[in-house]
Amino acid sequence: GAGVSQSPRYKVAKRGQDVALRCDPISGHVSLFWYQQALGQGPEFLTYFQNEAQLDKSGLPSDRFFAERPEGSVSTLKIQRTQQEDSAVYLCASSSPADTQYFGPGTRLTVL
Amino acid sequence: QKEVEQDPGPLSVPEGAIVSLNCTYSNSAFQYFMWYRQYSRKGPELLMYTYSSGNKEDGRFTAQVDKSSKYISLFIRDSQPSDSATYLCASRAPTDSWGKLQFGAGTQVVVTP
């Protein structure tokens with residue numbers, strides 16, 4: 001079956017632009033997670049959804065970062081007024097409750 | 001200071017050798033320990049999952065957790081060139097969200113034919 005998919009795979013933005021990153025989880029997975037992975041580092045937790053409810057957003061680095069999952073399936077991570085330090089790979093993962101997380105391939109964001 | 005520390009490598013070994021990887025952690029509340037493998041330009045995939053202390057074996061992979069010394073290990077026997085990847089350790093406390101994993105920086109492993 002299909003895994004977690006993310007789009008776009010690569011995104012180049014000029015500093016100050018807004019970007020939107022999409023995640024399509026595995027069908028039926030109620031839990032969805034976003035991570036940020038800087039070059040040469042491990043993933044850093046950003047936020048967690050169970051269905052459409054955002055249960056934990058403690059990892060979002062600033063109020064420029066916003067995530068939503070309005071119908072409990074597809075999720076969008078939005079970054080407003082991008083900065084160079086936002087350059088990273090953004091990973092999405094999904095799982096059944098309290099089960100293994102399956103990661104997507106990530107979106108590589110480069111802010112110039 | 002990160003809660004999970006991991007030597008970034010690279011670690012280069014000849015094919016057939018044992019690969020030994022380790023992490024240390026500082027949060028004594030961590031109870032869940034995982035090892036992920038990440039190929040270049042791919043997402044991490046779960047290799048091993050351990051709850052609390054002890055050993056777990058799965059094929060060529062063995063994971064060990066020593067909570068008294070806050071030390072996590074992964075051993076790969078009979079290493080193959082296809083094992084060349086970055087290996088990430090991760091931990092979680094019971095009080096954290098299920099997905100709020102704390103990852104190490106990852107160790108790059110190169111298995112040479």
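In case you missed it, the structure is sitting above this.
This one's a predicted model, so the numbers in the text were calculated from it and none came from an experiment.

Colleague: Looking at this structure, how should I read the overall build of chain A?
Modeller: Of the regular secondary structure elements, chain A holds 0 helices and 11 strands. Going residue by residue from the N terminus, the α and β elements of chain A occur as β-β-β-β-β-β-β-β-β-β-β. Its C-alpha atoms give chain A principal-axis dimensions of about 35 × 25 × 25 Å. The buried share among the 112 residues of chain A stands at 46%. Within chain A, contacts between residues separated by at least 24 positions form 51% of all contacts whose residues are at least 6 apart in sequence. With an accessible surface of roughly 5,400 Å², chain A has 47% of that area assigned to carbon and sulfur atoms. Between the centroid of the 11 positive side chains of chain A and the centroid of its 11 negative side chains there is a distance of 9 Å.

Colleague: Explanation requested: the overall build of chain B in the structure shown.
Modeller: Looking only at helices and strands, chain B features 0 helices and 11 strands. Along chain B, helices and strands appear, N-terminal first, in the series β-β-β-β-β-β-β-β-β-β-β. Here chain B, with 113 residues, has 45% of them falling under the buried criterion. The long-range fraction of contacts in chain B, counting pairs at least 24 apart against all pairs at least 6 apart in sequence, stands at 55%. On chain B, roughly 5,200 Å² of surface is accessible, and the fraction owed to carbon and sulfur atoms is 48%. Placing the 11 positive and 11 negative side-chain charges of chain B at their respective mean positions leaves the two points 6 Å apart.

Colleague: It is not clear to me how the interface of chain A and chain B should be interpreted in this structure. Could you clarify?
Modeller: Reports often express the size of an interface as the amount of accessible area lost when the parts come together. The interface is formed by 24 residues belonging to chain A together with 17 residues belonging to chain B. Across the chain A to chain B interface the summed buried area is about 1,600 Å²; carbon plus sulfur atoms make up 51%. Counting the surface chain A buries against chain B, the share from its top three residues, Pro 43, Gln 101 and Phe 103 of chain A, is 24%. One can count 1 salt bridge joining chain A with chain B. Glu 44 of chain A serves as the salt-bridge partner of Lys 2 of chain B, at 2.6 Å between the closest nitrogen and oxygen. Secondary structure elements with two or more residues in the side of chain A that touches chain B: β4 (31–37), β5 (44–50) and β9 (88–95) of chain A. Partitioning the side of chain A that touches chain B into residue classes produces 10 nonpolar, 9 polar and 5 charged.

Colleague: Hey, could you run me through the packing of aromatic side chains in this one?
Modeller: For any two aromatic rings, the description comes down to two numbers: the centre-to-centre distance and the angle of the planes. Counted under the stated rule, the structure contains 12 aromatic pairs over all chains. Centre to centre, the rings of Phe 103 of chain A and Tyr 36 of chain B are 5.7 Å apart; their planes meet at 90°, and the pair counts as edge-to-face. Of this pair, Phe 103 of chain A sits in strand β10 (residues 102–103) while Tyr 36 of chain B sits in strand β4 (residues 32–38), placing the two residues on different chains. The pair Phe 103 of chain A / Tyr 36 of chain B is uniform in exposure class, with both members buried. Put simply, the rings of Tyr 35, Phe 45 and Phe 103 of chain A together with Tyr 36 and Phe 103 of chain B touch in pairs and so form one group of aromatic residues. In this structure, Arg 92 of chain B packs its charged tip against the face of Tyr 32 of chain B, placed 4.3 Å from the ring centre.

Colleague: Explain the pairing of strand β7 (residues 65–68) of chain A here, please?
Modeller: Burial along β7 of chain A is one-sided: Phe 65 and Ala 67 of chain A are buried, and none of Phe 66 and Glu 68 of chain A, which face the opposite way, are. Following β7 of chain A, the chain reverses through 6 residues before pairing antiparallel with strand β8 (residues 75–79) of chain A; Gly 72 of chain A in that reversal takes a positive phi of roughly 75°.

Colleague: Which parts of the structure should I look at to understand the pattern of salt bridges?
Modeller: Close approach of charged atoms allows side chains with opposite charge to pair. All names here are of chain A. A complete count under the given rule lists 7 salt bridges over all chains for this structure. One salt bridge in this structure joins Asp 86 and Arg 64, with 2.8 Å as the shortest N-O distance. Of the two residues, Asp 86 is situated in the loop between β8 and β9 and Arg 64 in the loop between β6 (53–56) and β7; the sequence distance between them amounts to 22 residues. This pair shows no difference in class: Asp 86 is buried, exactly as Arg 64 is.

Colleague: Help me understand the nonpolar core, please; the structure alone is not making it clear to me.
Modeller: Membership of the largest hydrophobic core comes to 23 residues, with the highest contact counts inside it found for Leu 21, Trp 35, Met 48, Ile 72, Leu 74 and Tyr 87 of chain B. When residues of this core are traced back to their parent elements, those giving at least two are β3 (19–25), β4, β5 (45–51), β7 (61–66), β8 (71–76), β9 (85–92) and β11 (107–112) of chain B. In this structure, Val 4, Val 19, Leu 32 and Cys 92 of chain A belong to the second largest nonpolar core, which totals 20 residues.

Colleague: How do you make sense of the environment of Tyr 35 of chain A when you look at a structure like this?
Modeller: Residue and element names in this part refer to chain A. Tracing the sequence through the fold places Tyr 35 in strand β4. Here Tyr 35 falls in the buried class, since its relative accessible area comes to 0%. When the C-alpha positions of Tyr 35 and Gln 83 are compared, they lie 17 Å apart, and in sequence the two are 48 residues distant. At 3.3 Å, the side chain of Tyr 35 and the side chain of Gln 101 are in polar contact.

Each value, and the rule that gives it
- Residues numbered from 1 in each chain as written.
- Chains lettered and ligands numbered in written order.
- Predicted model: local features only at pLDDT ≥ 70, side-chain atom pairs only at ≥ 80, totals over all residues.
- Heavy atoms only, no water.
- Helix = DSSP H or I, 4+ residues; strand = E, 2+ residues; numbered from the N terminus.
- Buried < 20%, exposed > 50% of the residue type's maximum accessible area, 1.4 Å probe, protein only.
- Contact = heavy atoms within 4.5 Å.
- Areas by Shrake-Rupley, 256 points an atom, 1.4 Å probe, with all protein chains shown as cover.
- Lys, Arg positive; Asp, Glu negative; His and termini not counted.
- Charge placed at Lys NZ, Arg CZ, Asp CG, Glu CD.
- Buried area = accessible area lost by both parts, 1.4 Å probe.
- Salt bridge = Lys/Arg side-chain N within 4 Å of Asp/Glu carboxyl O.
- Nonpolar A, V, L, I, M, F, W, Y, C, P; charged D, E, K, R; others polar.
- Phe/Tyr/Trp six-rings, centres within 6.5 Å; stacked < 30°, edge-to-face > 60°.
- Lys NZ or Arg CZ within 6 Å of the ring centre and 35° of its normal.
- Pairing = 2+ DSSP bridges.
- Core = buried A, V, L, I, M, F, W, Y, C linked by side-chain atoms within 4.5 Å.
- Polar contact = N/O pair within 3.5 Å; in protein donor to acceptor, adjacent residues only side chain to side chain.

Read these as geometric descriptors, not functional statements.
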